[in-house]
Amino acid sequence: MKISISLTDQSTKFIVNNLYPLYLHDLSEIWEWKPNIYGVYEDDDTLTLNEQNKVFDVWWENPSVLFPYLVRVDDIPAGFAFVATPPYTPHGSEFYMNEFFMLRPFRGKGIAEAAAVQVFNRHKGSWELQTNPTETNKRAQSFWRKTIQNYTSESHQEEFANTENDGFKIIFKFNNSQFIDT
């Protein structure tokens, strides 16, 4: 099984756009979201998925600041990882895992951890990522704890705190500047 990440661009962003509604569907279970009256997971009157996807065009307009990765398994799209750099990072970190998603058929097989490590290894410096601390998000909490502990040899920080834009979160921080790629 070959696990790879690649930056998407204008010609391949449609693949991430195809996966994005599935990501929101998964998040709806955690956040207890419901779709709007048009069946789109937005809290406004967004009519179509095409209209919804336009919100994320910024990821492909700032190629030296925002990094939208596609995760593939044996050349099949399996998920995505969105990495931000300043000014889109919280708390002065150099890199922020803004979004991370793996399709259900690829979960529980070590694929997500391998993909996350590939993403981390592409960007050396101070990292932050956040996740929902509620009982409904135990799987993601466990995933990030295990992945970051393995990656950093437990040389990271974990805290519970209120964030500026997203409320109360579990916040993971680490610096991989001195790490040798695994």
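Residues numbered from 1 in each chain as written. Predicted model: local features only at pLDDT ≥ 70, side-chain atom pairs only at ≥ 80, totals over all residues. Heavy atoms only, no water.

**Student:** Kindly report on the packing of aromatic side chains, identifying the contributing residues and their values.
**Tutor:** Tallying each qualifying case throughout the model produces 21 aromatic pairs. Aromatic side chains Trp59 and Phe82 sit 4.6 Å apart centroid to centroid with 35° between the ring planes, which places their arrangement in the tilted category. Remark: Phe82 occurs in strand β3 (residues 76-84) and Trp59 occurs in the loop between α2 (49-53) and β2 (66-73); sequence separation between them is 23 residues. No difference in accessibility class separates Trp59 from Phe82, as the two residues are buried. Counting every residue linked through ring pairs, the aromatic cluster contains Phe95, Phe100, Phe120, Trp127, Phe143, Trp144, Tyr151, Phe174 and Phe179. (Phe/Tyr/Trp six-rings, centres within 6.5 Å; stacked < 30°, edge-to-face > 60°. Helix = DSSP H or I, 4+ residues; strand = E, 2+ residues; numbered from the N terminus. Buried < 20%, exposed > 50% of the residue type's maximum accessible area, 1.4 Å probe, protein only.)

**Student:** Any chance you could break down the nonpolar core for me, citing the residues and the numbers?
**Tutor:** If you look at the biggest cluster of nonpolar residues, it comprises 50 residues, and the most contacted ones within it are Met97, Phe100, Met102, Phe120 and Trp144. For this core, the element with the highest residue contribution is helix α1 (residues 13-31), accounting for eight residues. (Core = buried A, V, L, I, M, F, W, Y, C linked by side-chain atoms within 4.5 Å.)

**Student:** Which residues make up the pattern of salt bridges, and what values go with them?
**Tutor:** Under the counting rule described, the total for this entry stands at eight salt bridges. For the salt bridge of Lys13 with Asp57, the shortest nitrogen-to-oxygen distance reads 2.7 Å. Taken together, the positions of Lys13 in helix α1 and Asp57 in the loop between α2 and β2 put the pair 44 residues apart, joining distant regions of the chain. Of the residues examined, Lys13 reaches a relative accessible area of 14% and is grouped as buried. Across the salt bridge formed by Asp26 and Arg104, the nearest N and O atoms sit 2.8 Å from each other. Placement of Asp26 in helix α1 and of Arg104 in the loop between β4 (95-102) and α3 (111-122) is noted, with a sequence separation of 78 residues between them. Overall, Arg104 belongs to the partly exposed group, its relative accessible area being 49%. Ionic contacts of the salt-bridge type, sharing partners, join the residues Asp26, Glu29, Arg104 and Arg107 into one network. (Salt bridge = Lys/Arg side-chain N within 4 Å of Asp/Glu carboxyl O.)

**Student:** Residue-level account of α1, with values.
**Tutor:** An α-helix turns once every 3.6 residues. As a result, residues three or four positions apart point the same way. Here α1 spans 26 Å end to end across 19 residues, near enough to the 27 Å set by a 1.5 Å rise per residue. Remark: the principal bend of α1, roughly 30°, maps to Leu19, with a proline, Pro21, within the next four residues. Positive backbone phi, approximately 60°, marks Glu32, located one or two places after α1. (Expected span 1.5 Å × (residues − 1). Bend = angle between axes of the 7 residues up to and from the residue.)

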